[in-house]
Amino acid sequence: AFFWLVSLLLASLIWFVSVHLSDQEDAKLQYGLLIFGAAVSVLLQEAFRFAYFKLLKKADEGLATISEDGRSPISLRQMAYVSGLSFGIISGVFSVINILADSIGPGIVGIHGDSPYYFITSAFLTMALVLLHTFWGVIFFDACEKRRYWCLGLVVASHLLTSGLTFLNPWYEASLVPIFIITLCTGLWAFFTAGGSFRNILKCLSCK
Amino acid sequence: MITFMNNSDSEEEPCNERTSLMSAESPPVPSYQDGLQASEAGEAQAHRKRRTGSSRSPNNIADGDMSESGVPVRESTLENEEEELTLKYGAKHVIMLFVPVTLCMIVVVATIKSVRFYTEKNGQLIYTPFTEDTPSVGQRLLNSVLNTIIMISVIVVMTVFLVLLYKYRCYKFIHGWLILSSLMLLFLFTYIYLGEVLKTYNVAMDYPTLFLVIWNFGAVGMICIHWKGPLQLQQAYLIMISALMALVFIKYLPEWSAWVILGAISIYDLMAVLCPKGPLRMLVETAQERNEPIFPALIYSSAMMWTVGMAKPDTTARGPSQQTWDAAEDGRENHRSPSHADSRMSETRSPVPTRPISSFEELEEEERGVKLGLGDFIFYSVLVGKAAATASGDWNTTLACFVAILIGLCLTLLLLAVFKKALPALPISITFGLVFYFSTDNLVRPFMDTLASHQLYI
C-alpha cells in the first residue's frame, strides 16, 4: 500500500507540474494532460510493483537463510497475493472513499446531465479494479520469478488497457463489460499461474 | 522502542513527558527493550496527562540467555534462534502495536468527523500564546514558530524535572503527580467528551446517570492503570486517554503551530533519546540500573510477561514485568531473578496470581510484549486527526497519513530489532506522515478529484 501511495504521489507530482506549466484554459489540452497523467501513473504503479517485488525477494532470502530448514515461512506466492491485494485495496479505497462519503450527504445523482448510475458503476468498477490488482500481483510476481518477460508486458498492457477503457465512461457498455471480461480472464490466468487446476477445484468442492 | 511518559502537572505546569522507545538491557535480568517517550503536553486547563509507552523487544532476552549459558558451542545456534525469535516476535509485535495505534486513530478521526466541538476554535492553550489570526503570512509563521519554541521548552523543562525526581528517588512525588494527572484526564476530559458527543447526537442524559457513568468509568480506569487489572482493559483505557488527549490537542493548537510542533517534537525526541545526555536516555538508563520498570500507567504494553516453566533450555527465567503490578512488586521480582539465573529450573512463580492465563503455561517461550509510549499514540493521533479535520481532500489525505504512520512504525520496530536499544518512535512516522499529508493534500487531491469527476480509474 505504501509503495502504491508513493507511486501515486510521484504521478500526481508530474501531472501537477504539467498542468501548471500548461495553458489552463484549454479544455482539450487539460483532458489530454489527464490522459497523460493517468498513463504515467499506471506505468509508475507497475514500476513500484516491480520495486516491491525486488524488496520482498531480498527479505525472502534473508528469512530463508536464518530459518531452521532453509525455507522461508512465507512462500513467494503468498507474498504475491498479499502485495496484489494491498495494491488493490489502497487503489480501490482511494478511488471510492470520497464518492462514498458524498453518497451519504443530500444530493441527486446526475442532476447536471451526467449519468444517474454514477454510484453503482463506480462501485462495480472499483471492485473490478481491486480484483484486477490482486490478479496482476500474482501474475507479475510469478512472471518476474520465472523471468517470463512477455507475461510482464501483458500485465502492464492490460493495466493500461483497463485504465484506458475507463476513459470511455459514461458509455458504460463499452467500459464496464470489457473490464469485467478482462477481470475474468486475468483471474483465470492468475489461478493457473498459482498452480490451480480443474482437479484442485474438484477436490476442493468435494471436500476431500 | 519508544515509550512515552507524559505527566501533566498541577495547574501551573502541565507537562507531558515523552519517552522514546527503548530497549534496555539489564545484565542480571534478560535484557528487554523499552521504548520510553515522555512527552509533555501542556493543557490550558491544567489537566494532567500521562503517556507512557515503552516498547520492548524480546531480542535482549535472548542476549541475556547467551550471557548466562556461556557455552560457546551453543552460541551459533543460539544466535540463529535468537534472530529467528527476533523476527518471529518482531512480526508479531508489529501487529500487536498496529492494532492499538489504529484503534486510537479511528476513535480520534470518528470523533473529529462527527462532533463539531473539536474543530471549532475556542481559544488557545497558554502554552501557545501567540495567535495565528494575523494578516500577513510572515507574521503567522513567526507566531507559530514562537509557539513551538515555548511548547518545546515547557516539555523539556518538565522532562528534566521528572528525570531529576526519578534520579533522586522522589517516588512518592512522581506517583502523586501521575495519579493526579490521570484523575484529571479520566474524569474531567471524559465528562467534556461525553457532553459533546451527547450534544451532537441530541441525546438527553440526566445528571445522576451521567455521574454514575463517569464515576464508574473513572474509578475503574484509575484502578486498572495504576494498580492491577485485566490487560485488555488497561490497554483499552490507555487508548482512550490517548485519544482524549489527542482530541484536546487538535482542538486547542492553532493550525500552523500544530504542524511545526509535530516536526519539532520529532526532532526533540530524536535528540532526547539518542544523545548521551538526553533526559529520556538518562531516565531509561537509571531505570535499568535499578532494575525497575519505568512508571506504570505511562506505557502501553502489549503483553504481560511472566516466568513460566521453561521446557526450552535456552530461555532464561525472567522476572515478570507485568505492567499491572506495582512498581514495588516489580522491583522485588526483578531482584529475585538473578538468583534464578539458571533457566533449566522450571520456575513457576507462586505469587503469580491466577490471572496469568493458564494456557500460557504451555508456552515454551516467554511471552514478551512490546511497549510503546503513550505520547507516541497521542502524536500519531494528532497528526491523523488534524489531517481529517483540516484537509480538504478529506478521506484520501487521512488514509495516506494513516498508512504513512503505520509504515513508519514498522520501520522503527525493525530498527529496534536491529539495534536493540531504546529508540525514538516519533521521528520516522511523523516525518512520513507530514510528507504524505502535505503532498497528498496539495498534489494528489486535485489529480484524484479530476480523475473522479470524469470517472477515470488508474
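Residues numbered from 1 in each chain as written. Chains lettered and ligands numbered in written order. Predicted model: local features only at pLDDT ≥ 70, side-chain atom pairs only at ≥ 80, totals over all residues. Heavy atoms only, no water.

As named in an unreviewed UniProt entry, chain B is Presenilin, taken from Nipponia nippon. The heading Subunit (unreviewed entry) in the UniProt record of chain B holds the text "Homodimer." (UniProt positions renumbered as here; feature names shortened; annotations may be inferred.)

An unreviewed UniProt entry annotates chain A as Gamma-secretase subunit APH-1 originating from Nipponia nippon. The Function (unreviewed entry) comment attached to chain A in UniProt states, word for word, "Potential subunit of the gamma-secretase complex, an endoprotease complex that catalyzes the intramembrane cleavage of integral proteins such as Notch receptors."

Chemist: Help me understand the nonpolar core, please; the structure alone is not making it clear to me.
Modeler: Proteins that are soluble and globular tend to have nonpolar side chains buried together. Grouped together as the largest cluster of nonpolar side chains are 77 residues, with contacts concentrated most on B:V101, B:F249, B:Y380, B:L383 and B:I430. Top contributing element to this core by residue count: helix α6 (residues 231-252) of chain B, with 13 residues. (Core = buried A, V, L, I, M, F, W, Y, C linked by side-chain atoms within 4.5 Å. Buried < 20%, exposed > 50% of the residue type's maximum accessible area, 1.4 Å probe, protein only. Helix = DSSP H or I, 4+ residues; strand = E, 2+ residues; numbered from the N terminus.)

Chemist: What is the right way to look at a nonpolar patch on the surface in this model?
Modeler: On the surface, a nonpolar cluster with roughly 620 Å² of combined accessible area is contributed by A:L188, A:F191, A:F192, A:F198, A:I201 and A:L205. Looking at the nonpolar patch, the elements that each hand over two or more residues are α6 (172-193) and α7 (198-205) of chain A. (Patch = residues over 30% accessible without salt bridge, like charges linked within 9 Å, V, L, I, M, F, W, Y side chains within 5 Å. Areas by Shrake-Rupley, 256 points an atom, 1.4 Å probe, with all protein chains shown as cover. Salt bridge = Lys/Arg side-chain N within 4 Å of Asp/Glu carboxyl O.)

Chemist: How should I be thinking about the packing of aromatic side chains in this particular structure?
Modeler: Each aromatic ring pair is characterised by the separation of its centres together with the angle its planes make. Tallied over the entire structure, the rule returns 18 aromatic pairs over all chains. Note on B:Y300 and B:F377: the rings are 5.1 Å apart at their centroids and 55° apart in plane angle, and the pair reads as tilted. Remark: B:F377 occurs in helix α10 (residues 374-390) and B:Y300 occurs in strand β5 (residues 299-301); sequence separation between them is 77 residues. Here a set of aromatic residues connected by ring pairs shows up, and it is made of A:F50, A:F53, A:F140 and A:F141. In this arrangement the basic side chain of B:K251 is found over the ring face of B:Y252, its NZ or CZ atom lying 5.5 Å from the centre. Cation over ring: B:R290 sits above B:Y166, and NZ or CZ is 5.0 Å from the ring centre. (Phe/Tyr/Trp six-rings, centres within 6.5 Å; stacked < 30°, edge-to-face > 60°. Lys NZ or Arg CZ within 6 Å of the ring centre and 35° of its normal.)

Chemist: Would you mind going over unusual backbone geometry with me for this structure?
Modeler: Excluding glycine, residues mostly carry a negative phi; peptide bonds, for their part, are mostly trans. A positive phi angle is found at A:R147, which is not glycine, with a value near 60°. Within the element layout of this structure, A:R147 appears in the loop between α4 (118-146) and α5 (149-166). What makes A:R147 exposed here is its relative accessible area of 59%. Although it is not a glycine, B:N202 sits at a positive phi angle of roughly 60°. You can see B:N202 is positioned in the loop between α4 (171-201) and α5 (207-226). For B:N202, a relative accessible area of 72% translates into the label exposed.

Chemist: Whenever I open this one, the side chain of B:T440 confuses me. Can you help?
Modeler: Within the element layout of this structure, B:T440 appears in helix α12 (residues 426-453). At 2.4 Å, the side chain of B:T440 forms a polar contact with the backbone oxygen of B:F436. Once you skip the residues sitting within four places of it in the chain, B:T440 turns out to touch A:L9, B:N396, B:T397, B:A400 and B:R445. (Polar contact = N/O pair within 3.5 Å; in protein donor to acceptor, adjacent residues only side chain to side chain. Contact = heavy atoms within 4.5 Å.)

Chemist: For this particular structure, what's the right way to read the packing of α10(B) against α12(B)?
Modeler: The description of two packed helices rests on the angle between their axes and on the distance between the axes. Residue and element names in this part refer to chain B. Running from amino to carboxyl end, α10 crosses α12 at an angle of 5°, the nearest separation of the two axes being 10 Å. Considering the angle they form, α10 stands roughly parallel to α12. Residues D376, F379, Y380, L383, A387 and T390 of α10 pack against L426, S429, I430, G433, L434 and Y437 of α12. For the contact of α10 with α12, the per-class residue count stands at 8 nonpolar, 3 polar and 1 charged. (Axes fitted to C-alpha atoms, helices over the stretch in contact; angles between N-to-C directions. Parallel < 35°, antiparallel > 145°, perpendicular 65-115°, else oblique. Nonpolar A, V, L, I, M, F, W, Y, C, P; charged D, E, K, R; others polar.)

Chemist: Is there a simple way to explain the UniProt feature "transmembrane region" (unreviewed entry) in chain A in this structure?
Modeler: Mapped onto this numbering, the UniProt entry gives "transmembrane region" (unreviewed entry) at residues 31-48, 79-97, 117-141, 148-168 and 174-192 of chain A. Secondary structure across residues 79-97 of chain A divides into 100% helix and 0% strand, with the first and last C-alpha atoms of the span separated by 26 Å.

Chemist: How should I be thinking about the pattern of salt bridges in this particular structure?
Modeler: Once the charged atoms of two side chains with opposite charge are near each other, the side chains can pair. Enumeration according to the criterion identifies 6 salt bridges over all chains in this entry. Of the charged contacts in the structure, one is a salt bridge between A:D142 and A:K146, with a shortest N-O distance of 3.2 Å. On the criterion of helical spacing, the pair formed by A:D142 and A:K146 is a turn pair, its members being 4 residues apart in helix α4. Here B:R445 and B:D441 are joined by a salt bridge, their closest N and O atoms 3.5 Å apart. Of this pair, B:R445 and B:D441 are both found in helix α12, 4 residues apart, which corresponds to roughly one turn of the helix. The class of B:R445 is partly exposed, set by a relative accessible area of 24%.

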